[in-house]
Structure formats: C-alpha cells, structure tokens
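# Notes for the structure review
Chain residues, written in single-letter form:
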Amino acid sequence: MSRPCFITGMGAISSLGNDVDTLFACLLDGKSGVRAYPEWSQHRGLRCHLGAPVSDYDVSALPRTVRRSMSRMSEMATLATLQALAQAGLQPGADLNRPRTLLALGSTTGSPATLETYFKKLFERGGPEGQLSTSFFKVMNHSVAANVAAGLAFNGAVISPSSACSTSSQAMILGWELISAGVYDRVIAGGADELHYTSAAIFDIVHAASTGFNNRPNESPRPFDAQRDGLVVSEGAGVVVLESEESMSARGVRPLARLVSGDYSCDGTHMSQSNAAAMAQVMRAALRRGGVAPSDVGYVNAHATGTLQGDSEEAAAIAEVFGADIPVSSIKGHLGHSLAACGALEAIVSIRMMAEGVLIPTRNLKTVDPSLAKVQFFSVARKTETQMVLSNNFAFGGMSTSLLLARPNVA
C-alpha cells in the first residue's frame, strides 16, 4: 500500500517577489515581472529583448566560504530552500542529515553567465590562464543541488534532475514516488535557473521567443491570446518540502497540501514541437496513478508559455481529457518562463490558490485565440472551492509532466 505524500513547506524566489507571500500578492494584483533589455540588441541575431529578472535579494545569511562557489541560480535555490525548511519547521543540520531525507534539485544547465565569462576569457587568452578556481562549481550540471547541499551542510542523499522546463516538477513527482514507496520520509524538491540573454536566444532561434513587444514589455507573454508571439524567459527558484504522513505527524506539523500523484513521460517524436497526444497521455496517467477521475479536478494550471503551437496543443490536450468546462489559466503572463523553477513555482501558486479560494487569471489574455480548443479560459480572478488542481509542465525533447495537488484533507 502506498503512503500519502504531503507538502509542509514552500519557498520561492521569482520575478514578482522573493518569498511566497509577496509572489502571490503580486499575482493577485495582476503585476508583470517582465522588463525590456535594449542592451540585448548588441547581440547579432537576437530579436527578443525581453526578460523577467528577480529583484535584489539578501545572501548575507550564507557564509562567504559557501557563496564563493555559488552562481546566481544556486544562491536563489538556497534561499528558496531555507524558506521552505523554515515553513516546514525544519532546521539545517540534525533535522535534515538523516538517512531517509533526499535533496532533489536541478537546473537546465550550469550557470550561463559563468559559462560566458569562462569561455570568453579562454578564447581571449588562448588557454585557462586567469580562470577562477571556483568556476567549475558554478557551471557543472549538478551545481544547484551541490551548492544547496553545501549551504545547508547537508550530508544525505542528493540527486539533480535536469530536464529544462520540467525539471522541478520531475523532482516533485520523483519525491512523491519515493515517499509513497517508503524509500524516503522527506524530500526537498525543486529547481532554479538564472536569466541570461543566451537562454532567450535558444528560444529565439527556434522562433519560440516573443519579439513583437520589445517596446511594450508588460504586454508579453500572452498565453492563449490571439496576438501571442512567444515566451519571455525569466529566472527564479521554487522549492517544496515533501513528507510522509508519519514524518509530518511525528513532528506535529500541519500540511499545506497533498501531492496526490504525478506522471512524467517523453514522447520521443520531436525535440521542439509540442504534441497534444503526449500531453493528454501524461495527464491521464497522473489521474490514473492517483485514482482520480477528471471530474474531481476543478482547475488546470497550464504550462502555456505564449507560443503559437505549445498553447494550441496544450489547450487541445486539456479539452480532450477534461472537457470544455474546466477552468484553465497560466501564470507565465505575469512571471515569464522561469525554466527549471517553473514547475515548483506553479505548484506553489496552485496550492495557494486552493488555500485562498481564488483562481488567478491569465495576464495579457485580451482575446482568446478562436482556433484553440474550447475550455474555460479567463482573464479575471475567480472564486473557487476546488479541492484538487492539476499543474502541467512541458519541455524540449518531448518531456511532459503533470502534477495533481489537493487540499490537505482530501483523501
């Protein structure tokens, strides 16, 4: 018999605030984290000049000896992790350093800013002369997980999933699987990425980045909108503490939500083209694994980044699985696309929506694209009493994830 899995702590660093409360308040206010980067015009061939940065954050609580090997993404991940632990009533050290605790954190790549600096100096000097000894610790693919572990003085099990936009949702699903199976009692799961023009360039090259709103940053991205023209890259970190019922009860902690189930898959058909059939398949698998009927789900938090094909395929998949009456929105119109952080951040926001009894609308959705499959898109906040929500994330390479989240008292 599988064990239930609960969320007891949440931490967020985002383009709309450096804690969960601030992030949620800004989303309710309909604010945008997107700004223009006119200086990106110096990069030949880069047409997108928009990004959603995180505002200044305080790293003074982290010892300098720890910070030396941290890039921006590792700093953000560590701060978000400390927030989540604090809410869960856990302290770094004896509370965490136990055999049945797992740290599962990832990023899309190592720090792109450090990679640029490293290779620029390498080419200019014709060799490694003058390189900082800490550079590799900022660019290795498990940089976020390793640096957070160092920041927490954590000496338990660590894994580092890396699947771009589905990274942190994969980490959460894996945590649910391992807790349900009785392998671990606690999993700290999430992801982080930092904003850099090369990330925008990757999407621009495949015509997936927003290019028509460089002078109107607050109007893009536009998920599901008839005028959508691509995504806007952002940055941040999202981390949750997952616990078994036994672990949570032994500490006298009340849960924030239940992670009912999840599923991840790869359709293996195309590296960049979204696939409605694969999206529908992973949503159905998440429902099946959780023993949940489509009618039990009251809202879908869509991955919807504002790309033409991605939004269209996801809308078709949601309509196929849930029908035309399911409310659907995306918070990427507010936040931009935070890559490895987005799954955990969107799960956190979905949990807060259930707790607060409100569904946050899609920002910049002025006119729903009439070609989209029919579901309940909305651009004004809605009251809700839903007990369960589904959150989607999809990534290049055909990576698909769906998470089922419920109020803590839902069996």
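Chains are numbered independently. Their residues run from 1 in the order of the written sequence. Predicted model: local features are reported for residues with pLDDT of at least 70 only, side-chain atom pairs are reported and counted for 80 or more only, and whole-chain, interface and lining totals are derived from all residues. The side-chain values count all of the structure's non-hydrogen atoms but skip hydrogen atoms and water molecules.

Between any two strands, at least two bridges found by DSSP are needed for them to pair. Think of it this way: any DSSP run of H or I at least four residues long counts as a helix, any run of E at least two long counts as a strand, and we number them from the N terminus. Strand order in this open sheet of 11 strands is β5-β4-β6-β7-β1-β8-β15-β14-β9-β10-β12, and the pairing throughout is mixed. Of all strands in the sheet, those bounded by a partner on one side alone are β5 (157-159) and β12 (376-377). Bridge count between strand β8 (residues 257-266) and strand β15 (residues 399-406): 8 bridges; the pairing is antiparallel. Bridge assignment links S265 to a residue of β15, and that residue is S400. Should any heavy atoms of two residues lie within 4.5 Å, those residues are considered in contact. Where helices are involved, their axes are fitted lines through C-alpha atoms of the stretch in contact, as for all axes, and angles between N-to-C directions lie from 0 to 180°. Against the sheet, helix α6 (residues 143-152) makes contact with β4 (101-106), β5 and β6 (186-193), and its axis sits at roughly 135° relative to β4, the strand it touches most.

Aromatic contacts are taken between Phe, Tyr and Trp rings whose centres are within 6.5 Å, Trp giving its six-membered ring; a plane angle under 30 degrees counts as stacked, one over 60 as edge-to-face, and the others as tilted. Going through the model one piece at a time under the given rule, you end up with 6 aromatic pairs. Taking 4.6 Å as the distance between ring centres and 15° as the angle between the ring planes, the aromatic pair formed by Y37 and W40 counts as stacked. Here the term buried applies to any residue with accessible area under 20% of the maximum for its type, exposed to any over 50%, and partly exposed to those in between, with areas from a 1.4 Å probe on protein chains only. Residue class for Y37 comes out buried when judged on its relative accessible area of 10%. By relative accessible area, which is 6% here, W40 ends up buried. These aromatic residues form a ring-pair network of at least three members: Y118, F119 and F123. Sitting over the face of the ring of F24, R352 holds its NZ or CZ atom 4.9 Å from the ring centroid. In this analysis the charged atom, NZ for Lys or CZ for Arg, is taken to sit over a ring once it is within 6 Å of the ring centre and within 35 degrees of the ring normal.

The next subject is the side chain of T305. With respect to the secondary-structure elements, T305 resides in the loop between β9 (299-301) and α11 (308-322). We classify T305 as buried; its relative accessible area is 8%. Discounting chain neighbours no more than four positions away, the residues touching T305 are P221, P223, G230, L231, D311, K332 and H337.

When you line up the elements, R228 lands in the loop between α8 (197-205) and β7 (236-244). Exposure remark for R228: the relative accessible area of 5% places this residue in the buried category. Put simply, R228 and L403 are 175 residues apart on the chain and 26 Å apart in space, counted from C-alpha to C-alpha. Not counting residues up to four positions away in its chain, the partners in contact with R228 are R222, G306, T307, L308, D311, S312, D369 and L372. N or O atoms within 3.5 Å of each other form a polar contact, as long as, within protein, one can give a hydrogen and the other can take it, and as long as residues adjacent in sequence are counted only when both atoms are side-chain atoms. A polar contact is formed between the side chain of R228 and the backbone oxygen of D225, at a distance of 3.0 Å. A distance of 2.8 Å separates the side chain of R228 from the backbone oxygen of L308, its partner in a polar contact.

Expected span of a helix: the number of residues minus one, times 1.5 Å. For helix α13 (residues 342-356), with 15 residues, the first-to-last C-alpha span of 21 Å sits near the 21 Å given by 1.5 Å per residue. With respect to burial, α13 is a largely interior element, 13 of its 15 residues being buried. Immediately beyond the C-terminal end of α13, within one or two residues, lies G357, with a positive phi of roughly 70°.

This part takes up unusual backbone geometry. The phi angle of most residues is negative, glycine excepted, and most peptide bonds adopt the trans form. Of note, the amide linkage connecting S220 to P221 takes the cis form, showing an omega dihedral of 0°. Here P221 lies in the loop between α8 and β7. A positive phi angle, near 55°, is found at A153, a position not held by glycine. With respect to the helices, strands and loops of the structure, A153 is situated in the loop between α6 and β5. With a phi angle near 50°, A164 is a residue other than glycine that sits in the positive phi range. With respect to the helices, strands and loops of the structure, A164 is situated in the loop between β5 and α7 (167-180).

Once that is clear, we can look at the side chain of S32. Inspection of the secondary structure puts S32 in the loop between α1 (20-28) and β2 (35-36). Owing to a relative accessible area of 19%, S32 belongs among the buried residues under this scheme.

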